[in-house]
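Fold and contact review
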Amino acid sequence: MRVKRGVKARKRRNRVLKLASGFRGRSGNTIRQASSRVDKAMRYMYRDRKKNKGNFRALWIARISAAVSLMGMSYSRFTHSLKVSNIELDRRMLAKLGAEHPVAFKAVVDAAGKGSEIQAS
């Protein structure tokens, strides 16, 4: 008895076409175009999940740098003083403090400055 596999093939094609919905032109509605476009989209998704982490880190550093420069300090000096004074706040939290809570950020900058002065002497 032969195996009829139309149901499985249709299911597989529908899965690909569902992922391709919203693509422009034939890429969204023909299986040959859609499968290659979906493969490429998946590769971009994988790559960009990694890139996204670096992009956010750069954004946080820029925000911290801007907030710290208003207080008369450079970013590198600030991060060094944080490390010396054992203040373990990550860049995400520091950027959020600098943008949304300047008073709290000023307190962190002052604490880091005092900690580095104590270590230096």
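So, how was this worked out
- Residues numbered from 1 in each chain as written.
- Predicted model: local features only at pLDDT ≥ 70, side-chain atom pairs only at ≥ 80, totals over all residues.
- Heavy atoms only, no water.
- Patch = residues over 30% accessible without salt bridge, like charges linked within 9 Å, V, L, I, M, F, W, Y side chains within 5 Å.
- Areas by Shrake-Rupley, 256 points an atom, 1.4 Å probe, with all protein chains shown as cover.
- Salt bridge = Lys/Arg side-chain N within 4 Å of Asp/Glu carboxyl O.
- Lys, Arg positive; Asp, Glu negative; His and termini not counted.
- Charge placed at Lys NZ, Arg CZ, Asp CG, Glu CD.
- Helix = DSSP H or I, 4+ residues; strand = E, 2+ residues; numbered from the N terminus.
- Buried < 20%, exposed > 50% of the residue type's maximum accessible area, 1.4 Å probe, protein only.
- pLDDT = per-residue confidence, 0-100.
- 1 Å grid on protein atoms, 1.4 Å probe; cavity = no way out; pocket = protein on both sides within 12 Å on 5 of 7 lines; lining within 4 Å.
- Points joined across faces, edges and corners; volume = space filled by probe spheres on them.

1. Some details on a positive patch on the surface
On the surface, R5, K8, R10, K11, R12, R13 and R15 cluster together to form a positively charged patch. Note on placement: R15 falls in helix 1 (residues 6–19). Assessed through its relative accessible area of 52%, R15 is described here as exposed.

2. Structural notes on the confidence of the model for the protein
Residue-level pLDDT values for the protein average 92, and 94% of them are 70 or greater. Least confident of the elements in the protein is helix 5 (residues 102–120), whose mean pLDDT is 82; most confident is helix 2 (residues 31–69), at 96.

3. A word on the pattern of salt bridges
Under the definition given, this model contains two salt bridges. D48 is the salt-bridge partner of R47, the closest N and O atoms lying 2.9 Å from each other. For R47, a relative accessible area of 39% corresponds to the partly exposed category. In this structure, the salt-bridge partner of K106 is D110, at a minimum N-O distance of 3.4 Å. Of this pair, K106 and D110 both sit in helix 5, four residues apart, roughly one helical turn. Classification of K106 as partly exposed rests on a relative accessible area of 40%.

4. Observations regarding the layout of surface pockets
By volume, the largest pocket is sized at about 190 Å³. Every residue lining the largest pocket is listed: I64, Y75, F78, T79, L82, K83, N86, I87, E88, L89, R91 and L94. Those elements giving two or more residues to the lining of the largest pocket turn out to be helix 3 (75–84) and helix 4 (91–100). Considering every element that reaches the lining of the largest pocket, the biggest residue donor is helix 3, with five residues.

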